[in-house]
Structure formats: structure tokens, C-alpha cells
Amino acid sequence: LLPSQPALSAPPSGKKTTICVTGANGYIGLHTVSQLLLSGYAVRAALRSTSEVKTKWLTKIASDLGASERLTFATIDLADAGSMADAARGCDSLIHLASPFELGKTANPIKDILEPAVAGWTNAVAAADALGLRRIVACGSVFGMVGSGSEKGWDHVYGSSDVNSFSTPGGCTYAYSKMQSQEVAATMASARGVDLVTLNVGQVCGPALSPDQTNPSWDPIKNLAVPPPGGAVLSCTAPGFVDVRDAAAAHVAALDLPAAAAPRRYPVVARKKSPTYQEIEAILAEVLPERNLPARVDVLPPSTQKLITKGIGLGNKSLGELLSGVSVPPGETLLVDVEPMLRYLVPVPREIKTTLRDWVDNQKGYGHTVSS
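Basis of the calculations
- Residues numbered from 1 in each chain as written.
- Predicted model: local features only at pLDDT ≥ 70, side-chain atom pairs only at ≥ 80, totals over all residues.
- Heavy atoms only, no water.
- Helix = DSSP H or I, 4+ residues; strand = E, 2+ residues; numbered from the N terminus.
- Rg over C-alpha atoms; globule rule 2.2 N^0.38 Å.
- Buried < 20%, exposed > 50% of the residue type's maximum accessible area, 1.4 Å probe, protein only.
- Contact = heavy atoms within 4.5 Å.
- Areas by Shrake-Rupley, 256 points an atom, 1.4 Å probe, with all protein chains shown as cover.
- Lys, Arg positive; Asp, Glu negative; His and termini not counted.
- Charge placed at Lys NZ, Arg CZ, Asp CG, Glu CD.
- Disulfide = S-S within 2.5 Å.
- Axes fitted to C-alpha atoms, helices over the stretch in contact; angles between N-to-C directions.
- Parallel < 35°, antiparallel > 145°, perpendicular 65-115°, else oblique.
- Left-handed = near helix turned anticlockwise from the far one by under 90°.
- Nonpolar A, V, L, I, M, F, W, Y, C, P; charged D, E, K, R; others polar.
- Phe/Tyr/Trp six-rings, centres within 6.5 Å; stacked < 30°, edge-to-face > 60°.
- Pairing = 2+ DSSP bridges.

Enquirer: How would you summarise the overall build of the protein chain if you had to cite specific residues and measurements?
Expert: Along the protein chain, the regular secondary structure elements total 12 helices and 13 strands. Taken over the C-alpha trace, the protein chain has a radius of gyration of 20 Å; the compact-globule value for 372 residues is 21 Å, and the two agree within 12%. Taken over the C-alpha atoms alone, the protein chain extends approximately 60 × 45 × 40 Å along its principal axes. Residues counted as buried form 56% of the 372 residues belonging to the protein chain. The contacts of the protein chain with a sequence gap of at least 6 include a subset with a gap of at least 24, amounting to 80%. In the structure as shown, the protein chain presents an accessible area of about 15100 Å², 53% of it carried by carbon and sulfur atoms. Of the side chains in the protein chain, 33 bear a positive and 33 a negative charge, and the two mean positions are spaced by 1 Å.

Following this line, the structure appears as C-alpha cells:
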């Protein structure tokens, strides 16, 4: 078994339907496919390429679970509505995970990030409408709800009725794309009577089911895995931090939600109070004792943090706006409504320490270095 692969168990009795999963070979995707197969579903993995290098870990997971006959593949192009419909034909529902994830500098962020993200969501809705699919479960982001906790004040608990008004298409295009995709798709789904469930997933961490995988959401954690210069860290939050296994479980559980006449959203986070970099640094000091990380650290003064953010923004508008958004006043953090998720999707999410410890062990097991 791969490190952190779920323990094998027989699927539930009774035949379940086929679920089409876009982005099935991604970080969340492998976990989602694994959990679908464990739950007895058949899976059609919809990928940009079905070459051996793109499918080998999905094939291995299905083989390890004794479910090879319940895994099939299809090729999709996010910009092509026809390919999305062809991939989902004959399926009960569609889990849409595929979307560009780039937080750094790109030559044309609108063309490379925003346009394919929106096209993927709208083509998923169009396919569901054309085929009469029962439901779409779409992987959104906490950035669909909020770009900065300052938008409505630090005592506001951000939830399914909130929409990010902080991020801009010319700044952190990725964050903006998550908001724009969810809003455009929700309007379209409502007009066409498509059952759309959007999950506003927080910053994801936890074990990967492939040694080939990495994820931009790990970068700030890797930066914290080395002693901080001057003994102080940025006063930032990991927005809506969540374990990748719980994010996958939420997508699978959302398939069983009662039908609804209107699109709805659920935040998917580990807890109400997003962890700060201070808290993450303290946990890493415990799970990485060989690094001699400080168990207690200060945060940079607000004036110093503003200078750093401004400097980063001059060279990289995307990271500058992102850092500005996740910056928090000392003693504050981003608050997210976790109650609907606890009630309907993931009743007992993993603790942040568990997630970080399992991620560290997983990366070490693959022979990777846990640092930037």
C-alpha cells in the first residue's frame, strides 16, 4: 500500500451508480476516487490525458481496493462542453474538481487561470443539464466566500451567503477565479434547474496518495518548517484549513444530500477558527523535532508585515494580494461557519495537528524534504 492509503475493506452491499470525477488524478481527486470506490460507487475519471503517466496512481488505488472493474477513464477539455458531456454520459452525478491552481506569476493569468476555471464550471452545468444528471458537486474554495477577513470585520463568521469582494482578476487571479466560477455557475444552474452543490474548501493539507504530487497550498507550511528569521513569523492565517481526506469525504457525502430547488454552498474547514502561522509553527516544532523549531514565536509588527507585503506585490501581484488577504491583526484570525458541514457532510473532521503530522510522515515516507 502507498503511505496513508485507506485500509482495505469490502464495499457496501448493493450496487451503486457511476460518478464522473473531473481532475480525478489531482491531490483531492485521488482521495475522492478512493473514497468513492470504498463506498461501492463506480468511477469514471475524466482527465485531460489518459496516458499511463496520468492514470497509473488511479489504476493502482483501484487495484489495491479490488475495484479495478469499477474504474474507467474519459478525456475532457475544460473549454469544450461536448467533451464534458461525453465524459459524463451514463453517469448519475458529476464531481467537478478540475480547475487551474496557480498562485504565482503567470504570463496571462486571465487566459491561463480565470477563463478555463469559469469554462469548466459552466460546461459542467451545461453537461448536467443536457444529460439530466442528478447532481453536480463542485470543488470551490474558501476564496469563493472571502478574500480577506477584513471585508466584514474580524468578528464576522463567513459562510455560505458570503461572496469574496476582496480579490481582483488582476491580483490573485486564482482566488478571484474561485469566486467568479461559483457565482456564474450558480446563476446558470438556477436558470436551468440543475442541482448544484458547491463546497467552499479551505486551505488543504494532509497525506498525498502519490509520491508525484505536490500542491501550492503546502508552500506556506513548508516555509514554516524552517526556523523563522529573527524568531518571528508573518501574522497570517491559513484560511479555513482542512485535511484533504475530509475534503474528499465532503464531496462524497454531498452526493447523498436531499435534492434542492436552488444551488447551495457548504464551507469545508477543520474548525471555526482558522489556524494562524503562529499555531502552525508550534505544531511543526512538535512533529519535526529534528528541525529545532521554536515552540513559541512572535509575529512581525504590522508595519513590517505591510512593507513585506508591498515588496512582494511589486514583483508578483498575485502573491502580494494573496498575502494581504490572509494577513490578520495580531490576536485575530479568519472565522468560518463549520456547523453545516458538521451536520451534513463531515461530522468529525481531523484535528489540525493530526493533519500536519500525517502530512509530514507521508512526505518523509516518499523521501521528500518537508521545507521550501
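Enquirer: Run through the state of the cysteines, naming residues and quoting values.
Expert: Enumeration over the complete set of coordinates arrives at zero disulfides. Here Cys205 is not cross-linked by a disulfide; its sulfur's nearest cysteine counterpart is in Cys139, at 15 Å.

Enquirer: Outline the packing of helix α8 (residues 277-287) against helix α12 (residues 352-365), supporting the account with residue identities and numerical values.
Expert: Closest axis-to-axis distance for the α8/α12 pair is 10 Å, and the angle between their directions is 50°. As far as their axial angle goes, α12 and α8 are oblique. Both α8 and α12 take part in a crossing whose hand is right-handed. Each of Ile280, Ile283, Leu284, Glu286 and Val287 in α8 lies in contact with α12, whose residues at this interface are Ile352, Lys353, Leu356, Arg357, Val360 and Lys364. Of the residues assigned to the contact of α8 with α12, the class counts are seven nonpolar, no polar and four charged.

Enquirer: Before we move on, can you summarise the packing of aromatic side chains with the specific residues and values?
Expert: Scanning the entire structure with this criterion turns up five aromatic pairs. Considering the side-chain rings of Tyr27 and Trp218, the 5.2 Å spacing of their centres and the 90° angle between planes classify their relative orientation as edge-to-face. You can see Tyr27 sitting in helix α1 (residues 27-38) and its partner Trp218 sitting in the loop between β8 (204-205) and α6 (219-224), a full 191 residues away along the chain. Its relative accessible area of 6% is what places Tyr27 among the buried residues. Its relative accessible area of 0% is what places Trp218 among the buried residues.

Enquirer: Please set out unusual backbone geometry residue by residue, giving values where relevant.
Expert: The phi dihedral of Asn292 is positive, around 55°, even though this residue is not glycine. As for its placement among the helices and strands, Asn292 is situated in the loop between α8 and β12 (298-299). On the basis of relative accessibility, which here comes to 66%, the residue Asn292 falls in the exposed class.

Enquirer: Lay out the pairing of strand β5 (residues 135-141) with the relevant residues and their values.
Expert: Counting buried residues along β5, seven of its seven residues qualify, which places the element largely inside the surrounding structure. Here four bridges tie strand β4 (residues 93-96) to β5, and the two strands are oriented parallel to one another. Across the sheet, the residue bridging to Leu94 is Ile136, located in β5. Note: β5 against strand β7 (residues 196-201), six bridges, orientation parallel. Opposite Gly140, over in β7, you have Asn200 as the bridge partner.

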